[in-house]
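Coordinates in review
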Amino acid sequence: MRRPTVPEAVRPFAVDADIPVDIGCIKISRAENFPESGPSPWLDHPDALETIERRLARGEITTEQAEICRYWTAHGYYVARGAIDPATIDEAWSAYEAAIARGDLTLAPEKAAEDDPHPGRYLNPHLKVEALDRLLKHPVLINFSSLVLGRQAIPFQTIASHKGSQQSEHSDSIHMTTYPIGYLAACWVAMEDIHADCGPLVYYPGTHRLPYLFSHDVGISTDDFRERGYAAYAEHYEPAIKREIADHGAEPRHFLARKGDVLFWHANLLHGGSARNDLRHSRKALVHHYFAEGCICYHDLSSTTSAVHGPVESLPTCGASSPDIQVREKIAS
């Protein structure tokens, strides 16, 4: 696969909200406490297809990039076959396994059954394994994410797994939220050939166009999550997502990948882990998340701030006197 590059026309600009906010005054980082504001990522705009054609005609993107962008706009994902070469895959996974063997990383069992032979997931192994950090910053992954976001992508998070998660369908945006909404891109890197019975990643094309569902929308209060954690999430959010899938007739697809294949997806694409029909099969993979430069990043579910990526001149601390800054009179709990 040729490496997508960020169009020169959009490279220099940070993500600025149409409605500036005084982030120091957002005491509880939840979606309902931020204004409904653009700009949206360029491929989410109603005229995205026309914009793609204009940029192609001006030579800002290549023919291949234009096709990627059209597909992303319609379906909310893209599969890049053989995007990462086998040597890079082998180096990264071997380094991960070596770190586990040395005791640098400790994996919880997360057993699906007593005879489950594979260990659980590990969050952010790139912080301890240099080869995984290099893969997170691989030009193919950074350039693709930057292309679809329309802004420079900044690596945020990795998850490594030996086996299928069997995680219920969800949108990443309740876990990794941005202001303005939508400036997240994710990818799933196959570190081995994926067997149909291992519990492949399942995703629902086109669901990125459904309304975003946040904690407030499904009745999870800050106190509820603080006191009951993911029990509240399972009780309220997961059934709401299943209803959305059923109500819109969304059809599942399973990512039966070959080693080095990468599935990229939109911030709001519904996806999860399918059932592990045969526990003997591993599902070695890395999940990467990227935010756009300049956006505010927070976790709607846990109501915590993550980061402000990039230039922050337009995002002052609480008490700024500028009349252009919107300060909410009441912060919802």
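Residues numbered from 1 in each chain as written. Predicted model: local features only at pLDDT ≥ 70, side-chain atom pairs only at ≥ 80, totals over all residues. Heavy atoms only, no water.

So, on to the overall build of the protein chain. Counting secondary structure elements, the protein chain contains eight helices and 12 strands. Among the 333 residues that make up the protein chain, the fraction classed as buried is 54%. Sequence-distant contacts, at least 24 apart, represent 82% of the contacts inside the protein chain between residues at least 6 apart. Accessible surface computed for the protein chain: about 14600 Å², of which carbon and sulfur atoms make up 51%. (Helix = DSSP H or I, 4+ residues; strand = E, 2+ residues; numbered from the N terminus. Buried < 20%, exposed > 50% of the residue type's maximum accessible area, 1.4 Å probe, protein only. Contact = heavy atoms within 4.5 Å. Areas by Shrake-Rupley, 256 points an atom, 1.4 Å probe, with all protein chains shown as cover.)

The next point concerns helix α2 (residues 63–75). Over its 13 residues, α2 runs 18 Å from end to end, which matches the ideal 18 Å to within 8%, given 1.5 Å per residue. Taken together, the buried positions of α2 are Gln-65, Ala-66, Ile-68, Cys-69, Trp-72 and Thr-73. Projection of α2 onto a plane perpendicular to its axis shows the buried side chains occupying an angular sector of 160°, all on one side. (Expected span 1.5 Å × (residues − 1). Arc of directions from axis to C-beta.)

The strand order β1-β8-β5-β10-β3-β2 describes an open sheet built from six strands, whose pairing is antiparallel. Of all strands in the sheet, those bounded by a partner on one side alone are β1 (77–80) and β2 (122–123). Two elements, strand β5 (residues 184–190) and strand β8 (residues 262–266), share five bridges in a ladder whose sense is antiparallel. Across the sheet, the residue bridging to Trp-188 is Leu-263, located in β8. Sitting on the sheet, helix α5 (residues 139–149) is in contact with β1, β3 (153–161), β5, β8 and β10 (285–292), with an inclination near 45° to β10. (Pairing = 2+ DSSP bridges. Axes fitted to C-alpha atoms, helices over the stretch in contact; angles between N-to-C directions.)

Low pLDDT means the predicted coordinates in that region are not meant to be read closely. In the predicted model, the protein chain carries a mean pLDDT of 88, and 87% of its residues have values of at least 70. This stretch, residues 1–15, has a pLDDT under 50; its non-local contacts, to residues over four places away or in other chains, come to 45 contacts. Throughout residues 310–333 the model reports pLDDT below 50, and contacts reaching past four residues in sequence, or to other chains, amount to 55 contacts. (pLDDT = per-residue confidence, 0-100.)

It is worth spelling out the sheet that holds strand β6 (residues 201–203) at this point. Judged by pairing direction, the sheet is antiparallel, and its three strands sit side by side in the order β7-β6-β9 without closing on themselves. Whereas interior strands pair on both sides, the edge strands pair on one side only; in this sheet they are β7 (253–254) and β9 (271–273). Inspection of the sheet shows β6 paired to β9 by three bridges, in the antiparallel sense. Residue Leu-201 lies in a different strand from β9, and its bridge partner there is Gly-273.

If you look at the biggest cluster of nonpolar residues, it comprises 50 residues, and the most contacted ones within it are Ile-84, Tyr-96, Leu-141, Val-189, Met-191, Val-262 and Phe-264. Ranked by residue count, the leading element in this core is α5, at seven residues. In this view, Val-189 contacts Ile-84, Ile-89, Leu-141, Asp-261, Val-262, Lys-284, Ala-285, Leu-286 and His-288; residues no more than four positions away in its chain are not counted. In terms of nonpolar packing, the next biggest core, distinct from the first, is built from 17 residues, Leu-213, Ala-232, Ile-241 and Ala-250 among them. (Core = buried A, V, L, I, M, F, W, Y, C linked by side-chain atoms within 4.5 Å.)

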